[in-house]
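# Working through the structure, step by step
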Amino acid sequence: MKDGTNATINPEGIQYYKNLTKALLAEGIKPMATLYHWDLPENLQVKYGGWPNDTLVGLFKEYARVCFRELPKVKIWLTFNEPYVVTWLGYGIGVFAPGVKDPGVSPYVAAHTIIKAHAEAYHLYQDEFNQDKSGKISITLNADWFEPLDRSNKADVEAAERAEQFMLGWYAHPIYVNGDYPEVMKKQMDKKIENQWQKQIAGIH
């Protein structure tokens, strides 16, 4: 799917992964497939502005549908690899593609799109492609560990916890806890971002 849509499905590419899946299974290896590993089609960045655009939720769902349909022997799926890297490094500080430097807004909007895209792909797989429950689907979250400078200092302890929530909790809380963001994040976020979150929060968990 060169342009990120069903209009450019590549049969040869699909056959390659079918052959790879078959070869792995023949050797007793269970294949695990990641749908997205920092490789957004250029067309989706140019046309829509990338992950901050909510349009990508539906496009990702349809891309996932193609993968699930064409590779039924793959029973372990990951939707996104390290979304923190995609959003903060790509749309916040701009050291990874697409090189956007907008730390106050873009990474948070992009992350919201990615979390919703994950939810759509997750439910699609469970509802339509995993009726016998033999497959698994999840997401890969990366995180650093933060220690307080002084464990006896309450402000330092709170700062370490806040840093962890802004990295790991950013994604883990809405996906694994209750469909919403950590309270410490919501307290510090720009109101226009929080309002957008609240309008779109349904269906994540």
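Here the structure is shown first, and the text comes after it.
Here is a short report on the structure shown in this document. Computed from a prediction, not measured in an experiment: that's the story for all the values here.

## A few points about the environment of Trp88
Tracing the backbone through its elements, the reader meets Trp88 in helix 4 (residues 83-92). Look at Trp88 and you get partly exposed, because its relative accessible area is 21%. Remark: the alpha-carbon pair of Trp88 and Tyr108, spanning 20 residues in sequence, is separated by 8.2 Å. Residues within four places of Trp88 in sequence aside, it is in contact with Ile93, Gly94, Pro103, Pro107 and Tyr108.

## Brief notes about the packing of helix 4 against helix 6 (residues 154-177)
At their nearest, the axes of helix 4 and helix 6 sit 10 Å apart, and the two run at 125° to each other. As summarised for this structure, helix 4 and helix 6 are arranged oblique, according to the angle between their axes. For the element pair helix 4 and helix 6, the recorded crossing hand is right-handed. Across the interface between the two elements, Pro83, Tyr84 and Thr87 from helix 4 touch Phe166, Met167, Trp170 and Tyr171 from helix 6.

## Quick word on the sheet that holds strand 3 (residues 136-140)
As summarised here, the arrangement of the three strands in space is 1-2-3, forming an open sheet in which the pairing is parallel. Two strands close off the open sheet at either side, each with one partner strand: strand 1 (32-36) and strand 3. On average, each strand axis in the sheet is tilted by 25° relative to the strand beside it, whichever way the strands run. Against the sheet, helix 5 (residues 106-129) contacts strand 2 (76-81) and strand 3, and its axis sits at roughly 165° relative to strand 3.

## A few points about the nonpolar core
Grouped together as the largest cluster of nonpolar side chains are 37 residues, with contacts concentrated most on Leu35, Trp51, Phe60, Phe68, Trp77, Phe80 and Trp170. Contributions of two or more residues to this core are made by strand 1, helix 3 (55-70), strand 2, helix 4, helix 5, strand 3 and helix 6. Sort the elements by how many residues they give to this core and helix 5 lands first, with nine residues. Apart from the residues lying within four places of it in its own chain, the contact partners of Trp170 are Tyr84, Thr87, Pro107, Tyr108, Ala111, Ile115, Gln165, Tyr181, Pro182 and Met185.

## Side note on the packing of aromatic side chains
Evaluation of the coordinates by the stated rule reveals 15 aromatic pairs. Between Tyr36 and Phe80, the aromatic rings sit 5.4 Å apart at their centres with planes inclined by 55°, giving tilted as the arrangement. With a gap of 44 residues between them, Tyr36 in strand 1 and Phe80 in strand 2 connect regions that are remote in the sequence. Residue Tyr36 shares its accessibility class with Phe80, and that shared class is buried. With a centroid separation of 5.0 Å and an interplanar angle of 35°, the aromatic rings of Tyr108 and Trp170 are classed as tilted. You can see Tyr108 sitting in helix 5 and its partner Trp170 sitting in helix 6, a full 62 residues away along the chain. Under the relative-accessibility criterion, Trp170 is labelled buried at 1%.

## Concerning helix 4
Of all ten residues that make up helix 4, nine are buried, and the element is covered over most of its length. Against the buried residues of helix 4 lie strand 1, helix 2 (42-48), strand 2, helix 5, strand 3 and helix 6. One or two residues past the end of helix 4 sits Gly94, with phi positive at roughly 70°.

## Focus on the pattern of salt bridges
Within the structure shown, the criterion is met by ten salt bridges. Among the salt bridges present, the one from Glu128 reaches Arg65, with a minimum N-O distance of 2.9 Å. Taken together, the residues Glu128 in helix 5 and Arg65 in helix 3 connect sequence positions 63 residues apart. Accessibility expressed as a relative area gives 41% for Glu128, which makes it partly exposed. The residue Glu183 makes a salt bridge to Lys186 at a minimum N-O spacing of 3.0 Å.

## Focus on a nonpolar patch on the surface
A cluster of nonpolar side chains, contributed by Trp38, Ile93, Val95 and Phe96, occupies part of the molecular surface with about 360 Å² of accessible area. By the secondary structure assignment, Phe96 is in the loop between helix 4 and helix 5.

Quick notes on the rules
- Residues numbered from 1 in each chain as written.
- Predicted model: local features only at pLDDT ≥ 70, side-chain atom pairs only at ≥ 80, totals over all residues.
- Heavy atoms only, no water.
- Helix = DSSP H or I, 4+ residues; strand = E, 2+ residues; numbered from the N terminus.
- Buried < 20%, exposed > 50% of the residue type's maximum accessible area, 1.4 Å probe, protein only.
- Contact = heavy atoms within 4.5 Å.
- Axes fitted to C-alpha atoms, helices over the stretch in contact; angles between N-to-C directions.
- Parallel < 35°, antiparallel > 145°, perpendicular 65-115°, else oblique.
- Left-handed = near helix turned anticlockwise from the far one by under 90°.
- Pairing = 2+ DSSP bridges.
- Core = buried A, V, L, I, M, F, W, Y, C linked by side-chain atoms within 4.5 Å.
- Phe/Tyr/Trp six-rings, centres within 6.5 Å; stacked < 30°, edge-to-face > 60°.
- Salt bridge = Lys/Arg side-chain N within 4 Å of Asp/Glu carboxyl O.
- Patch = residues over 30% accessible without salt bridge, like charges linked within 9 Å, V, L, I, M, F, W, Y side chains within 5 Å.
- Areas by Shrake-Rupley, 256 points an atom, 1.4 Å probe, with all protein chains shown as cover.

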